[in-house]
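This is what each chain is made of:
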Amino acid sequence: MLVFWPLFGVLIGICAAKAKGLGLVSGMIGGFLLGPLAFLMFLCSNNKKRCNFCQEWIEKRAKVCPFCTKEVK
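Every chain's residues receive numbers from 1 upward, in the order its sequence appears when written. Totals for whole chains, interfaces and linings use every residue, but because this is a predicted model, local features are given only for residues with pLDDT of at least 70 and side-chain atom pairs only at 80 or more, for both listing and counting. The basis for every side-chain value is the complete set of heavy atoms in the structure, and neither hydrogens nor water enter the calculation.

**Examining the packing of helix H1 (residues 4-20) against helix H2 (residues 24-34)**
In this analysis an axis means a line fitted to C-alpha atoms, helices contributing only their contacting stretch, and an angle means the value between N-to-C directions, from 0 to 180 degrees. Helix and strand assignments follow DSSP, with helices taken as H or I runs no shorter than four residues and strands as E runs no shorter than two, numbered in order from the N terminus. H2 packs onto H1 with a crossing angle of 140 degrees between their chain directions and a minimal axis gap of 7 Å. Here H1 and H2 pass one another in a crossing that is right-handed. Residue-level contacts link Trp5, Pro6, Gly9, Val10, Gly13, Ile14 and Ala17 of H1 to Leu24, Gly27, Met28, Gly31, Phe32 and Leu34 of H2. By convention the crossing between two helices is left-handed if the near helix lies anticlockwise of the far one by an angle smaller than a right angle, and right-handed if it lies clockwise. Whether two residues are in contact is decided by their heavy atoms, any of which lying within 4.5 Å being enough.

In structure tokens form, the structure reads like this:
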């Protein structure tokens, strides 16, 4: 059971990092430290996306980026 917790956390961290556009290593470290709790954090914080132009985090429903003022899809 002690081995399962960190491995499961690492897998969740990798999936979350890919979905959020973050680095693979940071996802692995975060997932390892948080374990399966990383899954809950990933589900709760899914209301932001990255701007196509400046790569800042913005609201999913935003039509214009507040940082670079360009129209986003």
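After presenting the structure, the write-up continues.
**What about a nonpolar patch on the surface?**
Each patch groups residues whose relative accessible area exceeds 30% and which form no salt bridge, using 9 Å between like charges and 5 Å between nonpolar side chains of Val, Leu, Ile, Met, Phe, Trp and Tyr. Each accessible area value is a Shrake-Rupley result obtained with a 1.4 Å probe; residue values ignore everything except the protein chains displayed when judging cover. In the sections that follow, a salt bridge refers to a side-chain nitrogen of Lys or Arg positioned within 4 Å of a carboxyl oxygen of Asp or Glu. On the surface, a nonpolar cluster with roughly 820 Å² of combined accessible area is contributed by Trp5, Val25, Ile29, Phe32, Leu33, Leu34, Leu37 and Leu40. Counting only elements with at least two residues in the nonpolar patch, the list comes to H2 and helix H3 (37-44). Among the elements that make up the nonpolar patch, the one with the highest residue count is H2 (five residues). Positionally, Phe32 belongs in helix H2. Judged by its relative accessible area of 48%, Phe32 falls in the partly exposed class. Relative accessible area decides the class of each residue, using a 1.4 Å probe on protein chains only: under 20% of the type maximum gives buried, over 50% gives exposed, and in between gives partly exposed.

None of the figures reported here should be taken as evidence of function without further support.
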